[in-house]
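Chains, contacts and geometry: an overview
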Amino acid sequence: MPRSPLALAALATVAVPGLDAFDARRAAGSGGDYDSAVVIDSTRRRWVVRAPVHPAAGAALEAEVELLEGLAAEVDAERLPFDVPRTTGFAHLPEGGRAVVYPEVPGVPLRLETLGPGPGLAASLGRAIAALHELPTSLVENAGLPVYDAEAYRRRRQSEVDEAARTGKVPPSLLLRWEERLEDVALWRFRPTIVHGDLTTDHVLTAGGAVTGILDWSDAKVADPADDLSWLLVAAPQEAVDSIMEAYQLRRTELLDPHLAERALLAGELALARWLLYGVRSGQEDVVADAVQMLVELDEHTQADDEADAVN
């Protein structure tokens, strides 16, 4: 059973001596591997408490906490233009593992529809992601999180496509498209960087036309920087994408990656394969059906684009 906000508030009072909980509510995005709540204390200060729901999540949370310590130091040194969660205390759980508590990071979740061209929020977003990609990879290595070189990451993506193919639910022409791109060695010559690994509108906080914080670092790794850009190239308003990418490229000091955008778009496509695999592995037929529908739509869209390119 998920822990209630009141139970999580009790953990927060143990983790942070002197915290006088006044109110508690379930945090947005709570569920899955973690129970989480926002706790408001008697001075109206807001705290977030996260508790893992199984041992693997607990181990991931410990690694995330260590990474966050390093990232916070980069924020304080003004090498990151946004804040990250800063752990204040821990509470041991009866079944093992620890809950963590940190002050709520200010800002509201990003709304992609508000992104526009020019030097505003879109440019801030591009600079924020670029600043992350400029950090030393030792921050992730020291936290015990995954580290891939370019070839290992290409093979990882290839294995995902192979597993998706074995389900028999991916259109053959889409599989061929992916295989061709995965076998194009030139496409996969990149310098691995720290990547967040799960950037979404819920995990990017904004205020005053700028990125103020990035949350939920449990999927961080050293891998392909294109992964952190794929969601924006796929879902952001097209008029904002140029501003995001221009700001990103200007902020990077040694960006010699002519295929960055191409890999980012491919990563967006392969996310549908991973969604299919999640549904198959977990036995959730509704997820499988949703993934299959999106894969068919993607196949139709890419074939139409290929035909238009052939005509032109």
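Presented here is a report on the structure given in the accompanying data block. (Residues numbered from 1 in each chain as written. Predicted model: local features only at pLDDT ≥ 70, side-chain atom pairs only at ≥ 80, totals over all residues. Heavy atoms only, no water.)

Things to note about the nonpolar core
Core analysis: the largest hydrophobic core is formed by 46 residues, its most contacted members being Leu67, Leu71, Leu115, Leu125 and Trp217. Breaking this core down by element, the ones donating at least two residues are α2 (55-76), α3 (121-133), α4 (138-142), β9 (210-214), α7 (227-235), α8 (238-251) and α9 (260-282). Top contributing element to this core by residue count: α3, with eight residues. Excluding anything up to four places from it in sequence, Leu125 contacts Leu110, Leu115, Val204, Val211, Leu232 and Ile244. Counting 25 residues, the second-largest nonpolar core is a separate cluster that includes Val170, Trp178, Trp188 and Leu298. (Core = buried A, V, L, I, M, F, W, Y, C linked by side-chain atoms within 4.5 Å. Buried < 20%, exposed > 50% of the residue type's maximum accessible area, 1.4 Å probe, protein only. Helix = DSSP H or I, 4+ residues; strand = E, 2+ residues; numbered from the N terminus. Contact = heavy atoms within 4.5 Å.)

Describing the packing of helix α6 (residues 172-182) against α9
Taken N-terminus to C-terminus, the directions of α6 and α9 make an angle of 130 degrees; their axes are 12 Å apart at the nearest point. Classified by the interaxial angle, the pair formed by α6 and α9 is oblique. For α6 against α9, the interelement crossing comes out left-handed. Contact residues: Arg177, Trp178 and Arg181 in α6; Leu266, Glu269, Leu270 and Ala273 in α9. The residue inventory of the contact of α6 with α9, partitioned by class, reads four nonpolar, no polar and three charged. (Axes fitted to C-alpha atoms, helices over the stretch in contact; angles between N-to-C directions. Parallel < 35°, antiparallel > 145°, perpendicular 65-115°, else oblique. Left-handed = near helix turned anticlockwise from the far one by under 90°. Nonpolar A, V, L, I, M, F, W, Y, C, P; charged D, E, K, R; others polar.)

Examining the pattern of salt bridges
Counted under the stated rule, the structure contains 20 salt bridges. Between Arg274 and Glu160 there is a salt bridge whose closest N-O contact spans 3.4 Å. Linking Arg274 in helix α9 with Glu160 in helix α5 (residues 150-166), this pair joins segments that are 114 residues apart in sequence. Glu160 gets classed as buried once you look at its relative accessible area, which sits at 12%. Here Glu269 makes a salt bridge to Arg177, at a shortest N to O gap of 2.8 Å. In this pair, Glu269 sits in helix α9 while Arg177 sits in helix α6, placing the two residues 92 residues apart along the sequence. Taken individually, Glu269 and Arg177 each receive the classification buried, so the pair is uniform in this respect. One connected set of salt bridges, linked through shared partners, spans Arg157, Glu160, Asp227 and Arg274. (Salt bridge = Lys/Arg side-chain N within 4 Å of Asp/Glu carboxyl O.)

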